[in-house]
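Topology and contacts: notes
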Amino acid sequence: QVQLVESGGGLVQPGGSLRLSCAASGSIFSFNAMGWYRQAPGKARELVARIASGGSPNYADSVKGRFTISRDNAKNTVYLQMNSLKPEDTAVYYCNVMARPIFTRSEYDYWGQGTQVTVSS
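Residues numbered from 1 in each chain as written. Predicted model: local features only at pLDDT ≥ 70, side-chain atom pairs only at ≥ 80, totals over all residues. Heavy atoms only, no water.

**Some points on the sheet that holds strand E8 (residues 77-82)**
Applicable threshold: Here a strand pair is declared whenever DSSP counts at least two bridges between the two strands. Helix and strand definitions here come from DSSP, where helices need a minimum of 4 consecutive H or I residues and strands a minimum of 2 consecutive E residues; each element is numbered from the N-terminal end. For helices, the fitted axis covers only the stretch in contact; all axes are lines through C-alpha atoms, and the angles between them, taken along N-to-C directions, range from 0 to 180 degrees.
One open sheet holds the four strands; their spatial order is E1-E3-E8-E7, and the pairing between them is antiparallel. Each edge of the open sheet carries a strand with a single partner, namely strand E1 (3-7) and strand E7 (67-72). Ignoring strand direction, the axes of neighbouring strands in this sheet form an average angle of 15°.

**Let's talk about the packing of aromatic side chains**
The following threshold applies: A pair of Phe, Tyr and Trp rings is counted when the ring centres sit within 6.5 Å of each other, with Trp represented by its six-membered ring. The angle between the planes then sorts it: under 30 degrees is stacked, over 60 is edge-to-face, the rest tilted. Partly exposed describes any residue whose relative accessible area lies between the buried limit of under 20% and the exposed limit of over 50%, with all areas from a 1.4 Å probe on protein chains only and scaled to the type maximum. Here, a charge over a ring is recorded when the distance from Lys NZ or Arg CZ to the ring centre is within 6 Å and its angle to the ring normal is within 35 degrees.
Following the criterion strictly, the structure yields two aromatic pairs and no others. The interplanar angle of 65° and the centroid separation of 5.0 Å between the aromatic rings of Tyr 37 and Trp 111 together place this pair among those described as edge-to-face. Here the residue Tyr 37 occupies a position in strand E4 (residues 29-39), and Trp 111 occupies one in strand E10 (residues 108-111), the gap between them amounting to 74 residues. Residue Tyr 37 is classed as buried on the basis of its relative accessible area, which comes to 17%. For the cation-ring pair, Arg 45 lies above Tyr 94, with the distance from its terminal atom to the ring centre recorded as 4.1 Å. Positioned above the aromatic ring of Trp 111 is the side chain of Arg 45, whose terminal nitrogen or guanidinium carbon lies 4.5 Å from the ring centre.

**Some points on the pairing of E10**
Across four bridges, strand E9 (residues 91-101) lies against E10 in antiparallel orientation. Its bridge partner lying in E10, Val 97 is registered against Tyr 110.

**Concerning the pairing of strand E5 (residues 46-51)**
Looking at chain direction, E4 and E5 are connected through five bridges and run antiparallel. Across the sheet, residue Arg 38 finds its bridge partner in E5, namely Glu 46. Between E4 and the antiparallel strand that follows it, E5, lie six residues; Gly 42 among them carries a positive phi value of about 80°. In this sheet, strand E6 (residues 57-59) lies alongside E5 in antiparallel orientation, the contact comprising three bridges. Its bridge partner lying in E6, Arg 50 is registered against Asn 58. Counting the residues between successive antiparallel strands, the hairpin from E5 to E6 contains five residues, one of them, Gly 55, with a positive phi of roughly 105°.

Have a look at this one:
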């Protein structure tokens, strides 16, 4: 079973920075794309950033130039560095990992428990 442990959420003032971490574990799985989604009250969950196993990132237009996604494959950990935070970034942030059981070609979605990010003065 794949387990995801998120950390780094909290309250920050506008213009501030925060770094989220998500560590994946699962000895019988290979981890492919990893990413971050967020969901604000009353809104659908949306992609924030995603990074392929080879390191190619993509971002939502709303966070380009402010957020940076990275990963440490040796630690099976994905990070989201968030700079120049705005009140509209306030949401619950969820880590997402595409995992493949070894010896198969199937991929499955796994989600972290979510961490609250609040940007307020």
